[in-house]
Amino acid sequence: MDKATVSAGSKAPSSAPSRFTSFFQRPFPLYFSAALLRLVFLLYGLWQDANSAVKYTDIDYLVFTDAARFVSRGQSPYERETYRYTPVLAWLLLPTARTTGHALWDVALFSLGKVLFAVADLVAGWLLERVLVRAQSMDAATARKSAAIWLLNPMVATISTRGSSEGLLGVLVMALLWAVMARRITLASVLLGFGVHFKIYPFIYAPAIVWWMDRERMGAGETRPSTAKSPWLNNLIAFFNPFRIQLAAISLATFFGLNSVMFILYGPPFLTHTYLHHVSRIDHRHNFSPYNTQLYLASAFPSTSKLRVESVAFLPQLALSCVLVPLVLAKKDLPASMLAQTFAFVTFNKVCTSQYFLWYMVLLPLYLPRSSFLQDKRWGMTALVLWVATQGTWLQQGYELEFLGRSTFLPGLWLASLGFFLVNCWILGVIIDDVQGQSV
Amino acid sequence: MRERITFVQNLGDSLEPSAIKINGGTISGPEVQAVREDRLTIPLDELPAELQALLRATRELHTRWVSPRPYEGISPLLARLPPGLHVIFIPGKDDVVSSPLCKTLAEIFGDVSCSTATEAFTSLPEAALQYYQQLDDLSHFIKYAKPQLCPRDDVSCLARLESLSHASSLDISYDSSLHALRITAVWPYQRQPVQASSRKGIRTEVGILSTDKPQTLEPHEIGISGLLTVLGQDSKPSPTMFTFASRHRDAESSFSAQFLSPTGLHPTLQLRLSSPKPPPSFSSSPSSCSPHAYLTLPKTIFPDKYQLSDPLFLASKNLSALRYTTQPIDLEAPAYVLPQWGATVLVELAPPPAAAESPLGSQGHQADTEWTAEIPLHLRYLAPSAGGSSAITVPYPAVFWACTPDDGGGPEITASSNPFDRGNLGYDRLFPEGTVFWHVEPRPSVEHGSKGLLVNEVRVPVLDLEKAGWVNAGTAAVVLLGFAWIVYKLAGVWRREGYGSGKVGAEKKRQ
């Protein structure tokens, strides 16, 4: 591996190891602080929920736990309105549906889902460390410094302790990346299939992983000279190497196997709520997506024109996140490619809320330490300020709409979402620019 | 066909029999301050053919219209509903009615915007279906009913129908067990002459009554006394006096409703109640009475039952519990894609604790203190319009103290003994049999914009169509710009290092 790409952050201060550096020398301080942070948030949340009409707990958590309660009674999780997830999530939260009759125990049991999400955060952080050590040849201390961007991030800790399941996605994606890097194809395939079953969007990682898994990378040596005459055909045959075929077969089997089981158990509601809902939803309520205003307009007047933006909106999104980005970046830097793909997927999505940001945030520590944003602090501050400012503008306009009842759809929210979109595109451009080839 | 005309005056306002003149089929008397109720019972086979066909395939159909104008009720005509058109429908065995029902309702009442009962109606307990729509007046009904109910050129009949424009409510009720359609109109408490005539072939009974409190009156009963006359049959009115248990009583307090400002997309309906005093109890357990609000919300505004399930949150709004809501309610869809009419909500209110615990009988001692309860609601997105805002109107709820019968053998209160009973209101299905509803009188809110009606207006922000010209092109252009920028950046990396792992390519180039 190339030592030149080692993080700039690893250049420790010249003086004796500061308290800052020694914090990362051993794993314990970091993971203990990360766990403590979440514990404090969790307990604070319990206090707020018990004492205030404004709840700390995310509404989604009530959806999950209600669904788990249905499952515990032998019913379908889809009995709960707006449960739009795989039954696996409700199964995982089954302990939250138990009651002992003792109030304190019941609160503890009910909070187990949040504990699970918080533990998932920690495991994702630990996997981050492993990936950094393996893929970028970092020493463990430096890797932990990067992983701290995730582990000690108060936003991440808040989201998981409020009971949002996005943290589970974080651990799945990181485990997938780690398994791929470690050439554990079967494990990677199962994780990929499960991830797509869980939340659909991880399918964008499939082309990147497939593209990355060439023979050289997998340590199977150079392609054997083929008898075929055309170099095109040669390449095509070489493309279908056993690793790629194994990955495709096992991940597809996992995905369809899980779906078949769920369909047998819960029937059409499983398909309707977990997958078809995302096709048929009209996404008219205000959100960060650049398409939002347009979609609201189109949903109210369904037949104004023939070629409509919303029906072709998936094209740039999928072209970038599934084809162009992985094609150019995956072989050079798989983690960075996955980050750029996720960033493109979220930025170009027809619906975008702040919980989606978590999807790329888990991949950020793999890129940030050697990014031009951290190498040139002013550059990084500019990006951060622009990202926060355009988002803030949108939030301010959204507040006026939602709470003051002002019609800020046009031009306020629309321009703010387009501004935020362009800032995201610019940041994505920088991320892409930063990717440099690494030797295998 | 049978007709019953009743004037009900307040306690003490009785009329001497000598003040009433009966001349053949006509009765007349002085002006009285009273509520007038006209009830027409039409056997099924005397109805227009298409209506007959519809009703023969129906088990029950109760259509109740309530005026948005505030009105004073008099015992026993006290049952209240939110203003608008309420329909409770129980289809017959072979349901052939559900699809033409909406069309028939539209023919009768005019602007009824439901498609079919299957799509637009919502379910209530006991297989009943419910529909509600705001309807400000009966002008279309009057136009529809004139040729159906009045013989040609019968001026007095036409005038009576015309007077429905001042009515406070109109009930049209069909129950297959009675084989008859019952039309009941009530005019508000006001000064009016005692005047009625019989028509050919119709038995008309006129009652000039007032509420009474005979010595033998049980606490769960109400008393009525006055004069009864069957037109064309009696030469003089016969005095009468009777008592009966009533499900609908007067709580002797009032409320107003208004939205807290600013409404935003999550308006809160605030109820201001004039008194926290519970109604007198018939038995030893006063705690079985609690105040409720029954809302019929058009599809533009809805409750979130999950939000209304947290005890702390409810307590902060002076609510005890969400007792009922239409299910399922789509929490996300815009109003313009929903086929259902809207949703019914029954919430139990939490009066200030001191009042609820106050002992019986000390009511005079306790001052009437106004208190409020807040019902958080949510707006749906409405279709874009020029100007960026659309107004919706939300009817007042019906507010009442519901006293549920206790197991300990209190007085049994059934509808059957009450000649003025009004059932099938919607909320009565949500309480156990024998519940007594003590109605709180709605008063228009003093805030601007209420126009003195029992409805509240909410301005809903919508996308301003006047500014929408650039949305399609602008969105497409910006997305393409962003896309092009990223492709350009990718192309840069490609040119620099190819699509492979990069370093290999670069080394090859160097060689």
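Definitions and limits used
Sequence positions are assigned chain by chain, starting from 1 and proceeding in written order. For this description, chains carry letters from A and ligands carry numbers from 1, given in the order in which they are written. Restriction of local features to residues with pLDDT of at least 70 applies here, the model being predicted, together with a cutoff of 80 or more for giving and counting side-chain atom pairs; totals for whole chains, interfaces and linings are based on all residues. Neither water nor hydrogens contribute to the side-chain values; these are computed over all heavy atoms in the structure. UniProt positions are given in the numbering used here, feature names are shortened, and annotations may be inferred rather than shown by experiment. Domain delimitation in this document rests on an assignment produced automatically or drawn from a domain database. When checking whether two residues touch, look at their non-hydrogen atoms; a contact exists if any pair is within 4.5 Å. Put simply, buried area is how much 1.4 Å-probe accessible surface two parts lose in total, over both of them, once they are put together. By convention in these notes, a salt bridge is any Lys or Arg side-chain nitrogen within 4 Å of a carboxyl oxygen on Asp or Glu. We define a polar contact as two N or O atoms separated by no more than 3.5 Å, with the added condition that, inside protein, one atom must be a possible hydrogen donor and the other a possible acceptor, whereas residues neighbouring each other in sequence contribute only through side-chain atom pairs. Where helices and strands are cited, they refer to DSSP runs of H or I of at least four residues and of E of at least two residues respectively, numbered from the N terminus. Charged residues are taken to be Asp, Glu, Lys and Arg, nonpolar residues to be Ala, Val, Leu, Ile, Met, Phe, Trp, Tyr, Cys and Pro, and polar residues to be all remaining types, Gly included. Whether a residue is buried, partly exposed or exposed follows from its accessible area with a 1.4 Å probe, protein chains only, as a fraction of its type maximum: under 20%, in between, or over 50%, in that order. Pairing between strands is defined by DSSP: at least two bridges between them are needed. The predictor attaches a confidence to each residue, called pLDDT, with possible values from 0 through 100. By nonpolar core is meant a set of buried Ala, Val, Leu, Ile, Met, Phe, Trp, Tyr and Cys residues that side-chain atoms within 4.5 Å join together. Each pair of aromatic rings taken from Phe, Tyr and Trp, with Trp reduced to its six-membered ring, is defined by centres within 6.5 Å and is described as stacked if the planes are under 30 degrees apart, edge-to-face if over 60, and tilted in the remaining cases. Only lysine NZ and arginine CZ atoms are considered, and such an atom sits over a ring when it is within 6 Å of the ring centre and within 35 degrees of the ring normal. In plain terms, two cysteine sulfur atoms within 2.5 Å form what is called a disulfide here. A fitted line through C-alpha atoms represents every axis, and for helices the fit uses only the stretch in contact; the resulting angles, taken between N-to-C directions, go from 0 to 180 degrees. Orientation is classified from the angle alone, with under 35 degrees giving roughly parallel, over 145 giving roughly antiparallel, 65 to 115 giving roughly perpendicular, and any other angle giving oblique.

In the annotation of an unreviewed UniProt entry, chain B is listed under the name Protein PBN1 and assigned to Canariomyces notabilis. Per its UniProt entry, chain B bears the Function (unreviewed entry) comment "Required for proper folding and/or the stability of a subset of proteins in the endoplasmic reticulum. Component of glycosylphosphatidylinositol-mannosyltransferase 1 which transfers the first of the 4 mannoses in the GPI-anchor precursors during GPI-anchor biosynthesis. Probably acts by stabilizing the mannosyltransferase GPI14." On record in UniProt, under Sequence similarities (unreviewed entry), the comment for chain B is "Belongs to the PIGX family."

Named according to an unreviewed UniProt entry, chain A is GPI mannosyltransferase 1 originating from Canariomyces notabilis. For chain A, the Pathway (unreviewed entry) comment in UniProt is given as "Glycolipid biosynthesis; glycosylphosphatidylinositol-anchor biosynthesis." Word for word, the UniProt comment on chain A under Function (unreviewed entry) is "Mannosyltransferase involved in glycosylphosphatidylinositol-anchor biosynthesis. Transfers the first alpha-1,4-mannose to GlcN-acyl-PI during GPI precursor assembly. Required for cell wall integrity."

It is not clear to me how the domain arrangement of chain B should be interpreted in this structure. Could you clarify?
How big an interface is tends to be stated in terms of the accessible area lost upon association of its parts. Residues and elements named next belong to chain B. Segmentation of chain B into domains returns domain 1 (2–210), domain 2 (249–463) and domain 3 (466–510). Once you take the C-alpha centre of each, domain 1 and domain 2 turn out to be 25 Å apart. At the junction of the two partners, domain 1 supplies 40 residues and domain 2 supplies 38 residues. For the pair domain 1 and domain 2, the summed buried area comes to about 3300 Å², and 58% of that belongs to carbon and sulfur atoms. Between domain 1 and domain 2 we count two salt bridges in total. In this structure, Arg429 and Glu126 form a salt bridge, with 3.6 Å as the shortest nitrogen-oxygen distance. Summed over the shared surface of domain 1 and domain 2, the result is 15 residue pairs in polar contact (both at pLDDT 80 or more). Contributing elements (two or more residues each) for the side of domain 1 that touches domain 2: β1 (2–9), β3 (26–43), β4 (58–66), β5 (84–91), α3 (117–120), β6 (122–123), β7 (129–133) and β8 (169–175). Of all the elements, β4 adds the most residues to the side of domain 1 that touches domain 2, at four residues. A class-by-class count of the residues in the side of domain 1 that touches domain 2 yields 21 nonpolar, eight polar and eleven charged.

How should I be thinking about the pairing of strand β15 (residues 289–298) of chain B in this particular structure?
In the case of a regular strand, side chains alternate between the two sheet surfaces. Residue and element names in this part refer to chain B. Of all ten residues in β15, ten are buried; the element is thus mostly enclosed. The side-chain alternation of β15 yields two buried faces, one formed by Cys289, Pro291, Ala293, Leu295 and Leu297 and the other by Ser290, His292, Tyr294, Thr296 and Pro298. In the sheet, β15 pairs with strand β22 (residues 398–403) via six bridges, with the strands oriented antiparallel. Along β22, the bridge assignment pairs His292 with Phe400. With seven bridges connecting them, β15 and strand β18 (residues 342–349) associate as antiparallel partners. Paired with Leu295 across the bridge in β18 is Val345.

How should the environment of Tyr131 of chain B be read in this particular structure?
Residues and elements named next belong to chain B. Within the secondary structure layout, Tyr131 lies in strand β7. As for Tyr131 and Pro276, which are separated by 145 residues in sequence, their C-alpha atoms are 32 Å apart. Every residue in contact with Tyr131, bar those within four places of it in the chain, is listed here: Leu85, His86, Val87, Val112, Ser113, Cys114, Ala120, Phe121 and Trp341. Of the polar contacts made by the side chain of Tyr131, one reaches the side chain of Gln133; its length is 2.6 Å.

Help me understand the side chain of His62 of chain B in this model?
Residue and element names in this part refer to chain B. Structurally, the position occupied by His62 is in strand β4. Assessed through its relative accessible area of 4%, His62 is described here as buried. Within the local environment of His62, its side chain forms a polar contact with the side chain of Ser173, the two groups lying 2.4 Å apart. Here His62 is in contact with His86, Val87, Ile88, Ile172, Ser173, Tyr174 and Asn424, once residues within four sequence places are set aside.

How should the confidence of the model for chain A be read in this particular structure?
Detailed reading of the predicted model is not advised wherever pLDDT is low. On average, residues of chain A score 87 in pLDDT, and 91% of them reach the 70 mark or higher. With pLDDT under 50 throughout, residues 1–14 of chain A is counted as low confidence; its partners more than four residues away or in other chains account for 21 contacts.

Honestly, the nonpolar core in this entry has me stumped. Any pointers?
Formed by 179 residues in total, the largest nonpolar core has its most connected members in Leu363 of chain A together with Leu271 and Leu349 of chain B. A per-element tally of this core places helix α22 (residues 409–434) of chain A first, with 15 residues. Counting contributing residues, this core receives three or more from each of domain 2 (249–463) and domain 3 (466–510) of chain B. Among all residues touching Leu363 of chain A, those that are not within four sequence positions of it are Val173, Met174, Leu177, Tyr205, Met338, Leu339 and Thr342 of chain A. If you look at the next biggest cluster of nonpolar residues, it comprises 46 residues, including Val97, Ala120, Phe141 and Ile183 of chain B.

Could you clarify how one ought to interpret the packing of aromatic side chains in this entry?
What describes a pair of aromatic rings is the distance from one ring centre to the other and the angle between the planes of the rings. All chains considered together, the criterion is met by 54 aromatic pairs over all chains. Ring centres 5.2 Å apart and planes at 75 degrees place the aromatic pair Trp379 of chain A and Trp426 of chain A in the edge-to-face group. Here the residue Trp379 of chain A occupies a position in helix α21 (residues 377–404), and Trp426 of chain A occupies one in helix α22, the gap between them amounting to 47 residues. Cation over ring: Arg80 of chain A sits above Tyr306 of chain B, and NZ or CZ is 3.3 Å from the ring centre. The residue whose ring lies beneath Arg380 of chain B is Phe302 of chain B, and the NZ or CZ to ring-centre distance is 4.2 Å.

Which parts of the structure should I look at to understand the state of the cysteines?
Joining two cysteines, a disulfide is a covalent bond between their sulfur atoms. All names here are of chain B. Applying the stated criterion to the full structure yields three disulfides over all chains. For Cys150, the disulfide goes to Cys157, at an S-S distance of 1.9 Å. Because the sign of the S-S torsion sets the handedness, a value of about -80 degrees for the bond joining Cys150 and Cys157 places this disulfide among the left-handed ones. The disulfide partner of Cys289 is Cys403, and the S-S distance across this bridge is 2.0 Å. Disulfide Cys289 to Cys403: torsion about the S-S bond roughly 115 degrees, handedness right-handed.

Looking at this model, I keep getting lost on the packing of helix α2 (residues 98–109) of chain B against helix α4 (residues 139–149) of chain B. Mind explaining?
Each pair of packed helices can be described by the angle between their axes along with the distance between the axes. All names here are of chain B. Running from amino to carboxyl end, α2 crosses α4 at an angle of 90 degrees, the nearest separation of the two axes being 6 Å. Classified by the angle their axes make, α2 and α4 are roughly perpendicular. Only His140, Phe141 and Tyr144 of α4 make contact with α2, whose side of the interface consists of Ala106, Glu107, Ile108 and Phe109. Of the residues contributing to the contact of α2 with α4, the split by class is five nonpolar, one polar and one charged.

How do you make sense of the pattern of salt bridges when you look at a structure like this?
Pairing between side chains of opposite charge can happen when their charged atoms approach one another. Under the defined criterion, the tally for this structure stands at 32 salt bridges over all chains. Asp310 of chain B is the partner of Lys55 of chain A in a salt bridge, and the nearest nitrogen-oxygen pair spans 2.8 Å. One end of the pair, Lys55 of chain A, is in the loop between α2 (27–51) and α3 (59–72); the other, Asp310 of chain B, is in the loop between β16 (301–302) and α6 (311–316), on a second chain. The exposure class assigned to Lys55 of chain A is partly exposed, which follows from its relative accessible area of 26%. A residue is classified by how much of its surface remains accessible, and Asp310 of chain B, at 22% relative accessible area, is partly exposed. The residue Lys467 of chain B makes a salt bridge to Asp464 of chain B at a minimum N-O spacing of 4.0 Å.

Before we go on, may I ask you to explain the sheet that holds strand β19 (residues 371–376) of chain B in this structure?
Two orientations exist for strands paired in a sheet by backbone hydrogen bonds: parallel and antiparallel. Residue and element names in this part refer to chain B. Judged by pairing direction, the sheet is mixed, and its eight strands sit side by side in the order β17-β18-β15-β22-β23-β13-β14-β19 without closing on themselves. What marks the edges here is a single partner per strand, and that holds for β17 (319–325) and β19. Along the sheet, successive strands turn relative to each other by an average axial angle of 30 degrees, direction set aside. Of the strand pairs in this sheet, strand β13 (residues 248–259) and strand β14 (residues 268–273) are connected by five bridges, and their pairing is antiparallel. Note that in β14 the partner of Ala257 across the bridge is Leu271.

What should I look at first to understand unusual backbone geometry in this one?
Outside of glycine, negative phi angles account for most residues, and trans bonds account for most peptide bonds. For the bond running from Ser75 of chain B to Pro76 of chain B, omega is 5 degrees, close enough to zero to count as cis. With respect to the element layout, Pro76 of chain B can be found in the loop between β4 and β5. Of note, the amide linkage connecting Ser261 of chain B to Pro262 of chain B takes the cis form, showing an omega dihedral of -5 degrees. Along the polypeptide, Pro262 of chain B turns up in the loop between β13 and β14. In this structure, Ile200 of chain A is a non-glycine residue whose phi angle is positive, near 60 degrees.

Looking at this structure, how should I read helix α11 (residues 205–212) of chain A?
Residue and element names in this part refer to chain A. Counting buried positions along α11 gives six out of eight residues, so the element sits mostly inside the fold. Restricting attention to buried positions, one finds in α11 the residues Tyr205, Ala208, Ile209, Val210, Trp211 and Trp212. Elements that come into contact with the buried residues of α11 comprise α9 (166–181), α12 (231–239), α13 (242–266), α17 (314–329), α18 (334–347) and α19 (357–361).

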